[in-house]
Amino acid sequence: MLKMAFLSDIGRVRTVNEDRALVQDQPDGWALAIVADGMGGHQAGDIASAMAIEWIPQGLHPMDADLNGEQRGQRLRSAIEKANEKIFEYASERENYHGMGTTVVAVLASSESAVIAHIGDSRAYRIRGGHIEQLTEDHSLVNELVKSGQISREEAEHHPRRNVLTRALGTEPTIEVDVQEISWQSGDMLLLCSDGLSGLVEQQRILHTVLGEGDLEDKVRGLIDEALAAGGDDNVTVVLMANDSWHRASEPNGEAG
């Protein structure tokens, strides 16, 4: 059984928490974790992210226990695409919600395999052997500028348009979801987070906190505290999944908001 913990915080500046998270043990022994960071102004963003974590799990059921990682990735992609249709339709029918959307990073994991799907700039990291690796690539304007050589990584961290997304869930009738299957072994951890963490706390500081003392809940709380200490100018949401070498969190199932 995998161990999971999560926490979401409104931060020090925002008046509404537009982030949502869900961790859930699946009937077939796999585990599902999702982080969604809503956008579109007061009410709209939190509606979009809440719809994402409602519809994506529904789109995965029923799941055949014999499916391999590639097939599960296809199911996860399809579930996210269906959630996109629901959110886009909802926003299109309500003038106040036109243009609302959300990021999504989702993981389906067993003790042997993990599948990651994402759209937007919420991230997944793997922590293994004292190292941290970013697994997802931000769908953002500044990342496109970095890839084209127009700005450096350091400039991207402080760019005035660093929050502009090139892809999001719910803003268009169809979407492109990045899906990957990764190696995943005993002792590994997966970290999912909104940019309220990754945009404020340096990667090595994240690693230091995750490798520190305490159980999964302590580590998640520590990451939230790091983001708040760095200014907390955005909502911040963190999910940690551990592959059987860590203490089980006391609340393995549920959703945060």
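About the cut-offs
- Residues numbered from 1 in each chain as written.
- Predicted model: local features only at pLDDT ≥ 70, side-chain atom pairs only at ≥ 80, totals over all residues.
- Heavy atoms only, no water.
- Phe/Tyr/Trp six-rings, centres within 6.5 Å; stacked < 30°, edge-to-face > 60°.
- Buried < 20%, exposed > 50% of the residue type's maximum accessible area, 1.4 Å probe, protein only.
- Lys NZ or Arg CZ within 6 Å of the ring centre and 35° of its normal.
- Axes fitted to C-alpha atoms, helices over the stretch in contact; angles between N-to-C directions.
- Helix = DSSP H or I, 4+ residues; strand = E, 2+ residues; numbered from the N terminus.
- Parallel < 35°, antiparallel > 145°, perpendicular 65-115°, else oblique.
- Left-handed = near helix turned anticlockwise from the far one by under 90°.
- Contact = heavy atoms within 4.5 Å.
- Nonpolar A, V, L, I, M, F, W, Y, C, P; charged D, E, K, R; others polar.
- Patch = residues over 30% accessible without salt bridge, like charges linked within 9 Å, V, L, I, M, F, W, Y side chains within 5 Å.
- Areas by Shrake-Rupley, 256 points an atom, 1.4 Å probe, with all protein chains shown as cover.
- Salt bridge = Lys/Arg side-chain N within 4 Å of Asp/Glu carboxyl O.
- Lys, Arg positive; Asp, Glu negative; His and termini not counted.
- Charge placed at Lys NZ, Arg CZ, Asp CG, Glu CD.
- Core = buried A, V, L, I, M, F, W, Y, C linked by side-chain atoms within 4.5 Å.
- pLDDT = per-residue confidence, 0-100.

## Some details on the packing of aromatic side chains
- Applying the stated criterion to the full structure yields 1 aromatic pair.
- Consider the rings of Y90 and Y97, whose centres lie 5.8 Å apart with planes at 20°: the pair is stacked.
- Its relative accessible area of 24% is what places Y90 among the partly exposed residues.
- The lysine or arginine in question, R72, covers the ring of W30, its NZ or CZ lying 4.0 Å from the ring centre.
- One Lys or Arg, R94, reaches over the ring of Y90 and ends 3.8 Å from the middle of that ring.

## Quick notes on the packing of helix 6 (residues 203-210) against helix 7 (residues 216-229)
- Relative orientation of the contacting elements helix 6 and helix 7 amounts to 150°, with a least axis distance of 9 Å. Regarding the angle of helix 6 to helix 7, the classification is roughly antiparallel. With respect to the hand of their crossing, helix 6 and helix 7 are arranged in right-handed fashion. On helix 7, the residues touching R205, I206, T209 and V210 of helix 6 are K219, G222, L223 and E226.
- Across the contact of helix 6 with helix 7, the residue classes tally to 3 nonpolar, 2 polar and 3 charged.

## Examining a negative patch on the surface
- On the surface, E154, E155, E157 and E202 cluster together into a negatively charged patch.
- Topologically, E155 is positioned in helix 4 (residues 153-157).
- According to the relative accessible area criterion, E155 is partly exposed, its value standing at 45%.

## Overview of the pattern of salt bridges
- Under the criterion given, the structure shown has 13 salt bridges.
- Each of D9, R221 and D225 takes part in salt bridges that share partners, so that together they form one network.

## Points about the nonpolar core
- Ranked by internal contacts, the top residues of the largest apolar core, which has 31 residues, are I34, I56, L76, I80, M100, V104 and L169.
- Secondary-structure elements contributing two or more residues to this core are strand 3 (31-39), helix 1 (44-59), helix 2 (69-92), strand 5 (104-109) and strand 6 (113-119).
- Look past the residues within four positions of L76 in its chain and what remains in contact with it is I56, L60, A106, L108, V115 and A117.
- Counting 22 residues, the second largest nonpolar core, distinct from the first, contains I127, M189, V220 and L240.

## Points about the confidence of the model for the protein
- Per-residue confidence for the protein gives a mean pLDDT of 91; residues scoring 70 or more make up 94%.
- Here residues 245-254 scores under 50 on pLDDT; set against residues more than four positions off or in separate chains, the count is 34 contacts.

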